Amino acid sequence: MGLLIDDEVLGWKETREHTAFVKSHAILQLLHVWDTERERRDDPPLWGDEIEYFLIRLDEEEKTAKVSLRQKEVRVALDEVCSENDPNAPEYAGEFTRFMVESNPGSPYNTSFSSLLTVEPDMRRRRDLIWNQLDEYEAILTLSSFPRFGAESFTHPPVDCSKATLTRSLFVPDEVIGDHGRYEVIAVHIRERRGSKPTANIPIFFDKYTPQPFIDPTIPRERYKYPEDDDVRIGAALTGHIYLDTALLGEGGCCLQVNIQLKDMHEARRIYDALLPITPIMLALTASSPAWRGYLSELDCRTFAASRLVDDRRPDEHSQIRKSRCDIGDMYIWIDPRNKPEYSDLPLSWNEDAYSSFKAHGQYRQQLCQFLATLFIRDPLLVFANNLHPNGPDDVRHFENINSSVWQTMRLKPPVPKSKLGWRIEFRSMEASVTDFESAAYSIFVVEENMKIAECRDAARQGLFHFRKHIFDGLEEKSASIADQYEFMTIDEIFNGKKDDCGYTGLIQIVRDYIAQSSDEDSYVDFVSEKASGSLPTTATWIRDFIRSHPAYKFDSVYQY
């Protein structure tokens, strides 16, 4: 969701003029947080989830399902329902598109077994509250990409897709943009900052009768309304691919995120590192995005599209900033003998002013200085007009603005001064699941407990991931080389253990040992284990198989029905 303030959002020209001011004050704000909160100790271990939902309009006569652009009306109704004096009332918010609603638990969970067992009922309650605000022709759905988003006639009420004055998209009209000004501005500013429309080309899934070469006939190549319309005539839309051309198609999807508060800064950094290598594995396990703009794709996850469609780098920045603001985490941040330098050997880019400020402050380790300074290679995508000048030393909104618009698979979230919010981490890689049982199982597993490979089709069963052979202290040879300390494993092996004599028992067994005193969570652990083994297909595989077995499907990669 990011930083939402009820305030006017400045246009790109004004935002660009204030970029240096915002970044310099964001650095000062982070230094202030460090000075006031680095010794903060013993915050309670709390956590919560964020789930997004699609609003869907069903037509029984036409046998169609379209997105319903009633986000605002549904949110108003939810605010009225949840305003009654209930301290545990769920929290709802808008999202990037007008057919999405986000939910959060009204009160955080803790790590007790009794609290963990309330996660699924709480998710069901939040879903039911949304259902109760819908009309008889509407439904809600949790998937990471709506399969016909951007296809012909995908909205209710219908809107003219040729009218995309803000995004210049060939497929998505401005009326789809979320209600809060933040989302409109981000979509526009990404395009204006980079000097062109963001694009992604997703490989088509070549079925038995898919035309070869595949050239998408739905692209309006003869539109001459905006200068960017020339892009497809000069090669932006690749043969054999599904063409996407707006941040809305990347960010207009549902996902499952988990926020965890730790007792202090040290534990937050340690758990950040522990969960970072799990992010691509959980991405592959939760994959639910095999279809885009009415076509079956070769990929199962939305990260490929999202990374490219929010990429605001100018052409001259690609050599210095090696990836989009939406991607996997860059480095480990905890000082630990197990974190070999070779494990953080990716080329990094950081803001030198930020790095020098953190280093000169005297309290930051070099590793943490580098990590935090990587945030500031990004310019702010938006500036709020009446919140430009900080309102006192504890106002950290400029830093929150920058931190919340770098969408990596893990996020470190420092405390908000003089608040109950302590040192937190956010696990951000998981796709949305269709059922609340699945969402609860994955969330709990993360709390208890390779990106490019994760994006590929059926990676949960066929992909291989680098993973440590020994994950506890003292089990690996001190003289072992780095290459000998990890190996390629399948997701089944990572979760359920290896059948050789290396002694690796798998993540599932670790969780089972931890919850041995409570059998109530076994169904969640069994579910994750079966997903990892491949005995239960991923949601993406299920969707792909459903489409390919439908009597109307012609084995041509098209399902625009």
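My aim in this report is to walk through the structure given alongside it, one point at a time.

Regarding the side chain of aspartate 436
So, point 1. With respect to the helices and strands, aspartate 436 occurs in helix α14 (residues 436-448).
So, point 2. Residue contacts for aspartate 436: discarding those within four places in its chain leaves Glu120, Met123, Arg124 and Arg127.

Brief notes about the pattern of salt bridges
So, point 1. Applying the stated criterion to the full structure yields 40 salt bridges.
So, point 2. Aspartate 207 is the partner of arginine 548 in a salt bridge, and the nearest nitrogen-oxygen pair spans 2.8 Å.
So, point 3. Taking relative accessible area as the criterion, arginine 548 reaches 28% and is therefore assigned partly exposed.
So, point 4. For arginine 233, the salt bridge identified is with aspartate 230, shortest N-O distance 2.6 Å.
So, point 5. Take aspartate 230: its relative accessible area is 37%, and that puts it in the partly exposed class.
So, point 6. Ionic contacts of the salt-bridge type, sharing partners, join the residues Lys23, Arg193, Asp312, Arg314, Asp316, Glu317, Arg325 and Asp379 into one network.

Re the side chain of threonine 210
So, point 1. With respect to the helices, strands and loops of the structure, threonine 210 is situated in the loop between β8 (200-203) and β9 (241-244).
So, point 2. Engagement of the side chain of threonine 210 in a polar contact is seen with the backbone nitrogen of aspartate 207, the distance being 2.8 Å.
So, point 3. Ignoring sequence-local partners within four residues, the contact set of threonine 210 consists of Phe205, Phe555, Asp556 and Ser557.

Here's the deal with the environment of cysteine 301
So, point 1. Note that cysteine 301 resides in the loop between β12 (295-296) and α10 (303-309).
So, point 2. Residue cysteine 301 is classed as buried on the basis of its relative accessible area, which comes to 1%.
So, point 3. Along the primary structure cysteine 301 and methionine 430 are separated by 129 residues, whereas in three dimensions their C-alpha atoms are 9.4 Å apart.

Description of the pairing of strand β3 (residues 91-94)
So, point 1. As defined by bridge partners, β3 adjoins strand β4 (residues 100-104) across four bridges and the pair is classed as antiparallel. Each residue of the ladder has a partner; that of tyrosine 92, found in β4, is serine 103.
So, point 2. In this structure, the hairpin formed by β3 and β4 is closed by a connection of five residues.

What about the environment of isoleucine 333?
So, point 1. Note on placement: isoleucine 333 falls in the loop between α10 and α11 (352-361).
So, point 2. On the basis of relative accessible area, isoleucine 333 is assigned to the buried category, the value being 0%.
So, point 3. Sequence separation between isoleucine 333 and arginine 127 is 206 residues, and the spatial gap between their C-alpha atoms is 36 Å.
So, point 4. Residues contacting isoleucine 333, with those up to four places away along its chain left out, are Arg269, Tyr272, Asp273, Gln367, Phe371 and Leu412.

A word on the packing of aromatic side chains
So, point 1. One pass over the full model with this rule turns up 17 aromatic pairs.
So, point 2. Between phenylalanine 54 and phenylalanine 99, the ring centres sit 5.6 Å apart and the planes meet at 50 degrees, which makes this aromatic pair tilted. One end of the pair, phenylalanine 54, is in strand β1 (residues 46-59); the other, phenylalanine 99, is in the loop between β3 and β4, and 45 residues separate them in sequence.
So, point 3. By relative accessible area, which is 0% here, phenylalanine 99 ends up buried.
So, point 4. What links up through ring pairs into an aromatic cluster is the set Phe54, Phe99, Phe146, Phe149 and Phe154.
So, point 5. The ring centre of phenylalanine 555 lies 5.3 Å from the NZ or CZ of lysine 208, which sits over that ring.
So, point 6. One residue, arginine 544, lies across the ring of phenylalanine 205, its end atom 5.1 Å from the ring centre.

So, how was this worked out
Residues numbered from 1 in each chain as written. Predicted model: local features only at pLDDT ≥ 70, side-chain atom pairs only at ≥ 80, totals over all residues. Heavy atoms only, no water. Helix = DSSP H or I, 4+ residues; strand = E, 2+ residues; numbered from the N terminus. Contact = heavy atoms within 4.5 Å. Salt bridge = Lys/Arg side-chain N within 4 Å of Asp/Glu carboxyl O. Buried < 20%, exposed > 50% of the residue type's maximum accessible area, 1.4 Å probe, protein only. Polar contact = N/O pair within 3.5 Å; in protein donor to acceptor, adjacent residues only side chain to side chain. Pairing = 2+ DSSP bridges. Phe/Tyr/Trp six-rings, centres within 6.5 Å; stacked < 30°, edge-to-face > 60°. Lys NZ or Arg CZ within 6 Å of the ring centre and 35° of its normal.

None of this, on its own, says anything about what the molecule does.
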